[in-house]
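Next come the chains, spelled out residue by residue.
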Amino acid sequence: MFPKYDIIVVGAGHAGCEAAAAAANLGSRVLLVTMNMQTIAQMSCNPAMGGIAKGQIVREIDALGGYSGIVTDESMIQFRMLNKSKGPAMWSPRAQNDRMLFSWKWREMLEATSNLDFYQDMVKELIVRDNRVVGIKTGLGHFIYSDAVILTNGTFLNGLVHIGDKNFGGGRIAEKASVGITEQLVSLGFESDRLKTGTPPRVDGRSLDYSKMDEQPGDEEIVGFSFIDTQKPVKQRSCWITYTDKRVHDILRTGFDRSPMFSGKIEGIGPRYCPSIEDKINRFSERDRHQLFVEPEGWTTVEVYINGFSTSLPEEIQYEALRNIRGFENAKMFRPGYAIEYDYFPPTQLKYSLETKLVDNLFFAGQINGTTGYEEAACQGLMAGINSHQKTKNLDPIVLKRSEAYIGVLIDDLISKGTNEPYRMFTSRAEFRTLLRQDNADLRLTELSYKLGLASQDRMEKVKSKKDGVEKIKQILVDFPVTPEEINPFFEGKSSSLIFEKQKIAKLLLRPEIELHELMKALPNLQNELGHFSKEIIEQASIQIKYDVYIEKEKELVERMGQLEDLTIPETFDYKKISALGNEAREKLLKIKPSTLGQASRISGINPSDVQILMVYMGR
C-alpha cells in the first residue's frame, strides 16, 4: 500500500509542516503523517505570529525558503512593528492572523509541493534496527518504511488536559493524545520529562463592550514577513486592551484550592514568560491589575482570544472572573481555558543537526525538544527537514552559528544548555543581535539556502538587487555634500546642532535624532538622487551607515569567539582521562559531547578554566 519514503514527518503542526516542505523542496520523497488532516498547521493558542525575537525567526525562516512568512502575510488581519522607538536590532514584526485562513493557506501550499504525500493516522511506534530508524508503525497497523523519521509531536505525547479538578487525555481540547512513542524511546535509552502549557478561554465578541476598552490598531504601513512579494491586507482589524482588577483577582483566588497547578495535579513546569493568570496574581500579589489583549480570531468570526488570561481554573470561576473585567460584563464564553501536560525529551540528547545521538536518522523538532511557540517550532522543523535530507543523501549537515541567525542561537541554547522549562526566544539571548536584525535576514541567509537548493532563483535575484542598491546608496551618501544654508533650517526644527561648513550626508546620519527619510524630504536634490530606490533598500542603507561602528565591533567579537568554534572535538574524545577536570565538568561533557570548544564553553557548569584545560590537552 505504501512505497518506501526518503523521510517520514510525524505531526503536522508548525514544525512538521516546515520540515515536510523543506525536505520535499530539496528533492526528498516525503510522507507527512497526522492524526487529523483538518488541523494541519493549526494555531492551537494565540492566532498570531512574530513578536519580540520571534519576528526575527519568522523572517529567517522566510529567507531560507520556508513557508511561515508567506502564510503569515497572506492570512494576517493586523500588522505591527514592535519596538520602533528603539534601535533596529530590537525591531520585531508581529501579525494577528485569521486562524482558519492560516491553516488553510498552509495546507494549500503543502498540497502544491512536489514530492509530498499525506496520510491520516496515529503513529504508535518507530521501526528501529541496529540503532537506526527505518520507518513507523501506525495505529491502523501499517508498516511504512523510510530512510529517516522526524518527530514533531507537539503537545500530543501522552497529553493530559486540565480544567479545574477535571482532567482527561488529549493533545488539544477535543483531540486525542498520542501514546506509545514515549515509552518506546525511553526503552531505547532516551530521557523524557513533562512540561505544561495553557490557553485562555475564548469568548463571543458580540457580547463585549469595546467602548470600555482601549483600541490598538495596526500600523499604517504593513511591512510583513516575507522578502518576496506577498498579498497583504488592504484593511486591518483592531485589537483592544483592558485590565483585570482586585475584584477579578479575588474571584480567581476562590478557585485556587481546585486549581490543578496549585493542588499538585500538574507535575510539568509551565512557561516562565507566559504564565497563567492564577500564577501571575499569586507570584505578583502586589499588583492590582494585569493587562489583557482582546484579539479577534479572524476576518469574519466573532470568536475572540483573551491574551494574558491563560488559565486552568474551574469553568465557573473563569466565567465569573471574566464577567467582572471591564467591557466583559455580559461576556459569553465559547469554551474555557485549559492547561495541558505533555512529554518532551531534553534536547541535550540531540546533535546540532537535530538528529538524535542515540538513534541514527531520527530527528526531533518543536515542543518535543522543550520549546514553546509556533516560531521556535517552525524554525526547528525547517532545519530538521533540511538536515534529514542532507543525512539521507550523505551530505554534510547545515548548522547555523549564533552569529548567523536567531535559529542558530536557539538550537545552540537547547543542545548546549538544555532546558527544564518551556524555552522561549528573546532578543537578550542573542549576543550578536546588532548583526541579527529582522531587516537583514535575507542578506544573511538566502545565499546559503540558494546554494543548498531550497531558496528560489527569484529570492536570490532580489537579494543581489538589494545588496547592489544598498551599496550604491551608501556611496551616494558618503559623497553627497550639504551646505549649512540647506540643512540648518531642518536642524533647527529638530533641535539638532547646526553646522557651519559643508558636510557629507553620511556623517549627518550618525546623529541619533536624524533619519534618512527626513533628510530626503528636507533636501530635494537628495530626493532626486535616491527617489528611484525602494523604501526597503533606503532603510537598509541608512541602518548600515548609522550603526556601522556597532556592527563592526560585533563582527570583531564574532571573529575572536570564532577561534573556539573552529577547534573541533572528536566524538571519541575521552574526558575521563583528564584528571584536572572537575566531576561536574566531566559529567556535563560526557553527557552533551560538544562538537567544538565553543560549544563546550557554553555548557552550563563549564567554566573558563575547564576550557583552558581542554585546550592544553588537545595541544592548542
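Below you will find a few notes about this structure.

Definitions and cut-offs
- Residues numbered from 1 in each chain as written.
- Predicted model: local features only at pLDDT ≥ 70, side-chain atom pairs only at ≥ 80, totals over all residues.
- Heavy atoms only, no water.
- Phe/Tyr/Trp six-rings, centres within 6.5 Å; stacked < 30°, edge-to-face > 60°.
- Helix = DSSP H or I, 4+ residues; strand = E, 2+ residues; numbered from the N terminus.
- Buried < 20%, exposed > 50% of the residue type's maximum accessible area, 1.4 Å probe, protein only.
- Pairing = 2+ DSSP bridges.
- Axes fitted to C-alpha atoms, helices over the stretch in contact; angles between N-to-C directions.
- Expected span 1.5 Å × (residues − 1).
- Arc of directions from axis to C-beta.
- Polar contact = N/O pair within 3.5 Å; in protein donor to acceptor, adjacent residues only side chain to side chain.

**Topic: the packing of aromatic side chains**
And step 1. In this structure the tally under the stated criterion is 12 aromatic pairs.
And step 2. Taken together, a centroid distance of 5.7 Å and an interplanar angle of 40° make the contact between Phe 190 and Phe 364 tilted. Separated by 174 residues along the polypeptide, Phe 190 in the loop between α5 (181-187) and β12 (193-199) and Phe 364 in strand β20 (residues 362-364) bring together distant segments of the chain.
And step 3. According to the relative accessible area criterion, Phe 190 is buried, its value standing at 4%.
And step 4. Here Phe 364 falls in the buried class, since its relative accessible area comes to 1%.

**Remarks on the sheet that holds strand β11 (residues 166-169)**
And step 1. Spatially, β11-β10-β19-β12 is the arrangement adopted by the four strands of the open sheet, whose pairing is antiparallel. Every other strand in the sheet has two partners, leaving β11 and β12 as the edge strands with one partner each. Taking each pair of neighbouring strands and ignoring which way they run, the sheet shows an average axis angle of 25°.
And step 2. Relative to strand β19 (residues 338-344), strand β10 (residues 160-163) runs antiparallel, the two sharing three bridges. If you follow His 162 over to β19, its bridge partner there is Ala 339.

**Section: the sheet that holds strand β3 (residues 48-50)**
Through backbone hydrogen bonds, the strands of a sheet pair up, either in parallel or in antiparallel fashion.
And step 1. In space, the three strands of this open sheet follow the order β3-β5-β4, with antiparallel pairing throughout. Looking along the sheet, the strands with just one partner apiece sit at the ends: β3 and β4 (76-82). Strand-to-strand twist of the sheet, defined as the mean angle between neighbouring strand axes without regard to direction, takes the value 15°.
And step 2. Two elements, β4 and strand β5 (residues 92-97), share six bridges in a ladder whose sense is antiparallel. Paired with Arg 80 across the bridge in β5 is Arg 94.

**What to know about helix α4 (residues 99-111)**
And step 1. Here α4 is 13 residues long and its end C-alpha atoms lie 19 Å apart, about the 18 Å a rise of 1.5 Å per residue gives.
And step 2. Turning to α4, its buried residues are Arg 99, Phe 102, Ser 103, Lys 105, Trp 106, Met 109 and Leu 110. Around the axis of α4, the buried residues are gathered within 160° of arc, so they sit on the same side.
And step 3. Its side-chain oxygen at 3.2 Å from the backbone nitrogen of Met 100, Asp 98 defines the N-terminal cap of α4.

**Some thoughts on the environment of Asn 394**
And step 1. Within the element layout of this structure, Asn 394 appears in the loop between α10 (374-392) and α11 (406-417).
And step 2. Separated by 22 residues in sequence, Asn 394 and Thr 372 place their C-alpha atoms 31 Å apart.

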